[in-house]
Amino acid sequence: MKKVRMKKDLTQGSVTGNMLLFAAPMILGNLLQQFYNIADTLIVGQFLGSGALAAVGSAYTLMTFLTSILIGMCMGSGALFSYYFGKKEEQKMKDSMRLSFLLTGGVTLLLNLLVMALRRPILRILQVPEELTEMMHTYIWIIFLGIFFVFLYNYFAYLLRAVGNSVVPLYFLGSTALLNVVLDLVFVTLCSWGIAGAAAATVIAQAVSGLGLMAYTWIREPQLRFDLRPFTPEKGAAAEILRFSFSSSVQQSVMNFGILMIQGLVNSFGAEVMAAFAAAVKIDSFAYMPAQEFGNAFSLFISQNHGAGEKGRVREGMRSAVKISMLFCIFISLLVFLFAPYLMLLFISPEETGIIAIGSGYLRVEGAFYCGIGILFLLYGYYRGINRPEMSLVLTVISLGTRVLLAYILAPLPQIGVPGIWSAIPIGWILADVTGILYLRRLEGSSM
């Protein structure tokens, strides 16, 4: 069997330099992926009004939760691909690729069927106001027609990244992000298709990126081709792919399920708070997304070096990653805290002063604590990289459990109200950070 062609050897050369060069396309790519959703929100908010903005924002939270299940599976599988790649165990990598594709593809189809069958009961559970129900129903019905394309893009993106190629996925996201914006403007403003047009634009862009990246991998990377005929994997391969894919999937889905529960609490405060939350969450996600994606790149760096037995590079990588992430988080915290009202104006008309004030309050609370989530993303990546994905799940449960519990305790109190929802989030980050760091010190102590 031919060896997989190396794009960037993360086990050789400068630790910091290689990590940054590998992470940069992933960061930019994920920012562009967020741009898909921000384009919908911005155009819908400016051209269709705050009601449509609230509907899209609430639907986005549901969509993020459900797609996080399959994206988490792709992420976990990518860590395992990278580990086998670093160890040069090519047959195990090949078996894992096939098993992961079949498993994640099957889960994707199941999710699609469930959402289509249960979308109206789901909206009732989310306490969506009656005046927004039909808009959300329309948006969800269309957007989930494209869920299989989300799977295809993420599967092949994580496969390519596992072997050191973080650039090609960026090319496809860049071109389709531009396509998404153009189609949004055409469908919403020229064709007057309303919220359905925004959803259709996203689905078409997702189809182009997913099918395009699959075709690229199949044509340009023959070493990464695999067939889906019955085969007998090496002993333990199925158990490993299940462990990695489901641990990361549960971690991602637990994280987004907590956010979904918060969305239900936000919805109970009415359309104005929903609209503010919808816009502020987009800004918030965009602000800390580089730290999140740097954590994912860091995880693949750790996986390759852990597989290759490079313990010194693993330790040096952790020290370097902490410095890089903290510098970025401090900088972005200052920007978000200082310019929160102006950022809200990207999505909200100036006359909507109440919505702007609520959203600015959210951003200033979250923005003051981005270092907390930056550390948490590195801990997630580190534990996936050293083959302890279950610990990432534990940290997620601590973070989200704290957030949801405190939000539901504080928000109903008349003297606190909605700000209690915002305050619960950084408290959850900090508790998870403390737990993850203490466990890391325990691991280091036991290995001495």
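Note that this is a predicted model, so its numbers are computed, not measured.

Right, let's get into the pattern of salt bridges. The full count for this structure, using the stated rule, is three salt bridges. Note that Glu89 is salt-bridged to Lys92, the shortest N-O span being 3.7 Å. For Glu293, the salt bridge goes to Arg161, with nearest N and O atoms at 3.8 Å. Taken together, the residues span a long stretch of sequence, with Glu293 in helix H9 (residues 271-307) and Arg161 in helix H5 (residues 147-162) at a distance of 132 residues.

A word on helix H13 (residues 389-410). In this model, H13 (22 residues) spans 32 Å end to end at C-alpha, consistent with the 32 Å of a helix rising 1.5 Å per residue. By the burial criterion, the buried members of H13 are Pro389, Met391, Ser392, Leu395, Thr396, Ser399, Leu400, Thr402, Arg403, Val404 and Ala407.

The next thing to look at is a nonpolar patch on the surface. Residues Ile330, Phe331, Leu334, Leu335, Phe337, Leu338, Phe339, Tyr342 and Leu345 make up a contiguous nonpolar surface patch of roughly 900 Å² in combined accessible area. Within the element layout of this structure, Leu338 appears in helix H10 (residues 311-344). By relative accessible area, which is 53% here, Leu338 ends up exposed.

On average, the protein scores 84 in pLDDT, and the residues at 70 or more come to 92%. Confidence drops under pLDDT 50 across residues 1-6; counting only partners more than four residues distant or on other chains, this segment forms 18 contacts.

Time to look at the packing of aromatic side chains. All chains considered together, the criterion is met by 20 aromatic pairs. Consider the rings of Phe101 and Tyr155, whose centres lie 5.2 Å apart with planes at 80°: the pair is edge-to-face. With a gap of 54 residues between them, Phe101 in helix H3 (residues 90-125) and Tyr155 in helix H5 connect regions that are remote in the sequence. Like Tyr155, Phe101 is buried. Measuring from centroid to centroid gives 4.7 Å for Phe187 and Trp193, while their planes differ by 25°, and the two rings are stacked. Within the aromatic cluster, the residues linked to one another by ring pairs are Phe81, Phe101, Phe148, Phe151, Tyr155, Phe156 and Trp218. The aromatic ring of Phe85 is capped on one face by Lys88, whose charged end is 5.4 Å from the ring centroid.

On the surface, Lys311, Arg315, Arg319 and Lys323 cluster together into a patch of positive charge. Mapped onto the elements, Arg315 comes out in helix H10.

Take the nonpolar core next. The biggest cluster of nonpolar side chains holds 144 residues, and the ones touching the most others in it are Met93, Tyr155, Met344, Tyr370, Tyr382 and Tyr383. With 23 residues, helix H2 (residues 50-87) is the single largest residue contributor to this core. For Met93, the contacting residues outside a window of four places in its chain are Phe81, Tyr84, Phe85, Leu159, Val163 and Leu224.

Running from N to C, H10 and helix H12 (residues 370-385) cross one another at 150°; their axes reach a closest spacing of 8 Å. As the angle between them shows, H10 and H12 are arranged roughly antiparallel. Of the two elements, H10 crosses H12, and the hand of that crossing is right-handed. Across the interface between the two elements, Val314, Met318, Ala321, Val322, Ser325, Met326, Cys329, Ile330, Ile332, Ser333 and Val336 from H10 touch Tyr370, Cys371, Gly374, Ile375, Leu378 and Tyr382 from H12. Classifying every residue of the contact of H10 with H12 by side-chain character gives 14 nonpolar, three polar and no charged.

Applying the stated criterion across every chain, the model contains zero disulfides. Sulfur of Cys371: no disulfide; nearest cysteine sulfur belongs to Cys329 and is 5.1 Å away. Here Cys371 falls in the partly exposed class, since its relative accessible area comes to 23%.

All right, on to the side chain of Asn112 then. Note on placement: Asn112 falls in helix H3. Polar side-chain contacts of Asn112 include one of 3.3 Å to the backbone oxygen of Phe144. In this structure, Asn112 is in contact with Phe144 and Ile147, ignoring residues within four places of it in sequence.

Procedures and definitions
Residues numbered from 1 in each chain as written. Predicted model: local features only at pLDDT ≥ 70, side-chain atom pairs only at ≥ 80, totals over all residues. Heavy atoms only, no water. Salt bridge = Lys/Arg side-chain N within 4 Å of Asp/Glu carboxyl O. Helix = DSSP H or I, 4+ residues; strand = E, 2+ residues; numbered from the N terminus. Expected span 1.5 Å × (residues − 1). Buried < 20%, exposed > 50% of the residue type's maximum accessible area, 1.4 Å probe, protein only. Patch = residues over 30% accessible without salt bridge, like charges linked within 9 Å, V, L, I, M, F, W, Y side chains within 5 Å. Areas by Shrake-Rupley, 256 points an atom, 1.4 Å probe, with all protein chains shown as cover. pLDDT = per-residue confidence, 0-100. Contact = heavy atoms within 4.5 Å. Phe/Tyr/Trp six-rings, centres within 6.5 Å; stacked < 30°, edge-to-face > 60°. Lys NZ or Arg CZ within 6 Å of the ring centre and 35° of its normal. Lys, Arg positive; Asp, Glu negative; His and termini not counted. Charge placed at Lys NZ, Arg CZ, Asp CG, Glu CD. Core = buried A, V, L, I, M, F, W, Y, C linked by side-chain atoms within 4.5 Å. Axes fitted to C-alpha atoms, helices over the stretch in contact; angles between N-to-C directions. Parallel < 35°, antiparallel > 145°, perpendicular 65-115°, else oblique. Left-handed = near helix turned anticlockwise from the far one by under 90°. Nonpolar A, V, L, I, M, F, W, Y, C, P; charged D, E, K, R; others polar. Disulfide = S-S within 2.5 Å. Polar contact = N/O pair within 3.5 Å; in protein donor to acceptor, adjacent residues only side chain to side chain.

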